[in-house]
Amino acid sequence: MNWPDTFSNLKLRVHSRESSLFSRRVNGRQGLISSWNWPENVLVTRLTDLVNWGRKNSLWPMPFATACCGIELMATGASRHDMARFGAEVFRFSPRQSDLMIVAGRVVMKMMPVLERIWLQMPEPKWCISMGACASSGGVFDTYAVVQGIDRFLPVDLYVPGCPPRPEQLLQSLVDLQEKIQREGTIDPTRKRREKWTR
Amino acid sequence: MDTLIAGLRDRFPSLATSAFRGQARLTVERSSLFALLTALQEEHDFDFLVDLTCVDYLDYPADAAFRPLARFCLVYLLADTRAVRRLEVRSYLAESALNARPLSVPSVVGIWRAADWLEREVWDLFGIRFDGHPDLRRIVLPEEFEAHPLRKDYPLQGRGERHHLPRVDAQFLALGPNR
């Protein structure tokens, strides 16, 4: 059977009746599923894969843009680079409606409680991209007020190097994050991380 | 401008005058600072406080052309917007007086309303108090910050304040349908 290209590109684990999972022999007998006569155009997959497929292709970013990285973030969302190609074009300025925090720019200690509060207000499951040298390490701002990497306070999934990173780099990080989301569990994928990070 | 300065010199004998690139600069003792600024605003029409800042001359090179009289120097930049004149007023504060107790300078908020936030900024970053300020709180740094980081004896990287913040407690977040 020829599967449409869209599905293979999405890396959705799709099983046909010819695929090895269902045609393997169980206890010396052909499996029940494979012996059943499937209608055409039916996809079979795991719930985890299906849910994660939906999650990763409709990330709603919360732009926490505090510096020049924010300009690149805007360029990434704009028409030339077009984040919509990866399903992440719906920038939400309310943490309640977003599930991907993109921290773009340096964060000073007075801003940190604000960032933390926004992060806590985002519903689970949620992910975090630390965009640029400043958000990841403080960058050149090794001073008394600048937090030396937001990962001291937030669980970061992906770090994007650069000062500021090109939109292509941010798009690559988005693709990488999608791969990571596809590998996660279904019910509460970020629970382990959350337990580690919250007191 | 010359007649103005001559008149002020008669009235404030301790006044030292100099010029930098054509701009007059008055240096006055702290005791007569407030009287001088009041006179400049009320009698000489300096109606606009352009800036109020402070300089820390700690470890200033001894062989420099400019010799600071003490460690801290308060700088008032004034302007007369009608006659288009500018004037700089300086007043030095010795470190020994700072260590004895938080040294205070009379606030000029009553003379120029613009001094409100400027004096808060000097208090925040240099730790110089302004007597009579209506609301002398930190303006740039968080309230729990204890040091005054623009003092030259404060380390650039700080003393760990940047990573020891009061954390936000999830318990006190406003609850919505998603949590």
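Our structure is the block above this text.
Residues numbered from 1 in each chain as written. Chains lettered and ligands numbered in written order. Predicted model: local features only at pLDDT ≥ 70, side-chain atom pairs only at ≥ 80, totals over all residues.

## Topic: the overall build of chain A
Link 1 in the chain: Each helix and strand counted, chain A has nine helices and six strands in total.
Link 2 in the chain: Taking all 199 residues of chain A together, the buried fraction comes to 31%.
Link 3 in the chain: Sequence separation of 24 or more characterises 75% of the internal contacts of chain A that already satisfy a separation of 6 or more. (Helix = DSSP H or I, 4+ residues; strand = E, 2+ residues; numbered from the N terminus. Buried ≥ 20, exposed ≤ 12 C-beta atoms within 10 Å, placed from the backbone. Contact = placed C-beta atoms within 7 Å.)

## Topic: the sheet that holds strand E5 (residues 127-131) of chain A
All names here are of chain A.
Link 1 in the chain: Strand order in this open sheet of four strands is E3-E4-E5-E6, and the pairing throughout is parallel. Here the strands that pair on one side only, and so sit at the sheet edges, are strand E3 (61-65) and strand E6 (158-160). If you compare each strand with its neighbour and ignore which way they point, the axes differ by 15° on average.
Link 2 in the chain: Here E3 pairs with strand E4 (residues 100-104) via five bridges, running parallel. Paired with Pro61 across the two strands is Leu100, which belongs to E4.
Link 3 in the chain: The strands that helix H5 (residues 68-77) touches are E3, E4 and E5; relative to E3, the one it contacts most, it runs at about 145°.
Link 4 in the chain: Relative to the sheet, helix H8 (residues 167-183) contacts E5 and E6, its axis offset from that of E6 by approximately 170°. (Pairing = 2+ DSSP bridges. Axes fitted to C-alpha atoms, helices over the stretch in contact; angles between N-to-C directions.)

## Focus: the environment of Lys110(A)
Link 1 in the chain: Of note, Lys110(A) is situated in the loop between E4 and helix H6 (112-121).
Link 2 in the chain: Linking Lys110(A) and Val146(A), residues 36 residues apart in sequence, is a C-alpha distance of 8.8 Å.
Link 3 in the chain: Beyond its immediate stretch of four places on either side in the chain, Lys110(A) contacts Leu141(B) and Pro142(B).

## Here we look at the interface of chain B and chain A
Link 1 in the chain: Contacts between chain B and chain A engage 17 residues on the former and 18 residues on the latter.
Link 2 in the chain: Of the residues belonging to the side of chain B that touches chain A, the class tally is eight nonpolar, five polar and four charged. (Nonpolar A, V, L, I, M, F, W, Y, C, P; charged D, E, K, R; others polar.)

## Concerning the sheet that holds strand E1 (residues 16-20) of chain B
All names here are of chain B.
Link 1 in the chain: The five strands are arranged E1-E2-E5-E4-E3 in an open sheet whose pairing can be described as mixed. The sheet terminates laterally at E1 and strand E3 (48-56), the two strands that pair on one side only. Direction aside, neighbouring strands of the sheet carry axes that sit 25° apart on average.
Link 2 in the chain: Here E1 pairs with strand E2 (residues 23-27) via five bridges, running antiparallel. Bridge pairing in E2 links Ala16 to Thr27.
Link 3 in the chain: Along the sheet, helix H2 (residues 33-42) contacts strand E4 (72-80) and strand E5 (85-93); its crossing angle with E5, the most-contacted strand, is approximately 170°.
Link 4 in the chain: Sitting on the sheet, helix H4 (residues 115-126) is in contact with E3 and E4, with an inclination near 5° to E3.

## With respect to the environment of Val105(B)
Residues and elements named next belong to chain B.
Link 1 in the chain: Note that Val105 resides in strand E6 (residues 104-106).
Link 2 in the chain: Accessibility expressed as a C-beta count within 10 Å gives 22 for Val105, which makes it buried.
Link 3 in the chain: The contacts of Val105, once residues within four sequence positions are left out, are Arg30, Leu33, Leu74, Ile128, Phe130 and Asp131.

## Section: H6(A)
Since one α-helical turn is 3.6 residues long, residues separated by three or four positions face the same way.
Link 1 in the chain: Those residues of H6(A) not exposed but buried are Met112(A), Leu115(A), Trp119(A) and Gln121(A).
Link 2 in the chain: Residues of H6(A) that are buried make contact with E3 and E4 of chain A.

## Details of the nonpolar core
Link 1 in the chain: The biggest cluster of nonpolar side chains holds 34 residues, and the ones touching the most others in it are Leu100(A), Met101(A), Ile102(A), Val103(A), Ala104(A) and Met131(A).
Link 2 in the chain: Going through the elements one at a time, E3, H5, E4, H6, E5, helix H7 (132-137) and H8 of chain A are the ones with two or more residues in this core.
Link 3 in the chain: If you tally residues by element for this core, the top one is E4(A), at five residues.
Link 4 in the chain: Leu33(B), Leu52(B), Leu78(B) and Val89(B) belong to the second largest nonpolar core, which has 27 residues in total. (Core = buried A, V, L, I, M, F, W, Y, C linked by C-beta atoms within 7 Å.)

## Observations regarding the packing of helix H4 (residues 47-56) of chain A against H8(A)
Residues and elements named next belong to chain A.
Link 1 in the chain: Viewed as axis vectors pointing N to C, H4 and H8 meet at an angle of 155°, and their least axial separation amounts to 8 Å. By the angle class used here, H4 and H8 are roughly antiparallel. The handedness of the crossing between H4 and H8 comes out as right-handed. Residues Asn52, Trp53, Arg55 and Lys56 of H4 pack against Gln178, Ile181 and Gln182 of H8.
Link 2 in the chain: Split into classes, the residues belonging to the contact of H4 with H8 amount to two nonpolar, three polar and two charged. (Parallel < 35°, antiparallel > 145°, perpendicular 65-115°, else oblique. Left-handed = near helix turned anticlockwise from the far one by under 90°.)

## As for the pairing of E4(B)
Residue and element names in this part refer to chain B.
Link 1 in the chain: Examined bridge by bridge, E3 and E4 share eight bridges and lie antiparallel to one another. Bridged to Val55 within E4 is Cys73.
Link 2 in the chain: When E4 meets E5, the two strands line up antiparallel, connected through nine bridges. Across the sheet, residue Cys73 finds its bridge partner in E5, namely Tyr92.

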